[in-house]
Amino acid sequence: MPRTLASLLTVLVSAALAVGAALGIVAALEASPNQPNTPMVTYENHENTGQGR
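Reading the values: rules and limits
- Residues numbered from 1 in each chain as written.
- Predicted model: local features only at pLDDT ≥ 70, side-chain atom pairs only at ≥ 80, totals over all residues.
- Heavy atoms only, no water.
- Helix = DSSP H or I, 4+ residues; strand = E, 2+ residues; numbered from the N terminus.
- Areas by Shrake-Rupley, 256 points an atom, 1.4 Å probe, with all protein chains shown as cover.
- Patch = residues over 30% accessible without salt bridge, like charges linked within 9 Å, V, L, I, M, F, W, Y side chains within 5 Å.
- Salt bridge = Lys/Arg side-chain N within 4 Å of Asp/Glu carboxyl O.
- Buried < 20%, exposed > 50% of the residue type's maximum accessible area, 1.4 Å probe, protein only.

Caption draft 1: Representation of the overall build of the protein in the model. Looking only at helices and strands, one finds 1 helix and 0 strands in the protein. Surface accessibility of the protein: about 5400 Å² in total, with carbon and sulfur atoms responsible for 64%.

Structure, rendered in structure tokens:
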């Protein structure tokens with residue numbers, strides 16, 4: 001019986017730690033500022049100028 005109780009407590013503690021870690025990660029990601037979604041490379045449209053053929 002003590003082994004069963006110890007294993008049950010281990011499972012409960014590990015599940016609580018996993019939930020706490022997940023909530024901490026989500027909170028850290030929510031707290032970080034949003035990065036601008038700007039492209040690093042832009043392409044110009046050359047259809048009207050006749051270039052790029």
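Read on, since the account is not over.
Caption draft 2: Local environment of a nonpolar patch on the surface. Taken together, Leu5, Leu8, Leu9 and Leu12 make up a surface patch of nonpolar side chains, about 390 Å² in accessible area. Tracing the chain through its elements places Leu8 in helix H1 (residues 2-31). Judged by relative accessible area, Leu8 falls into the partly exposed class, the value being 46%.

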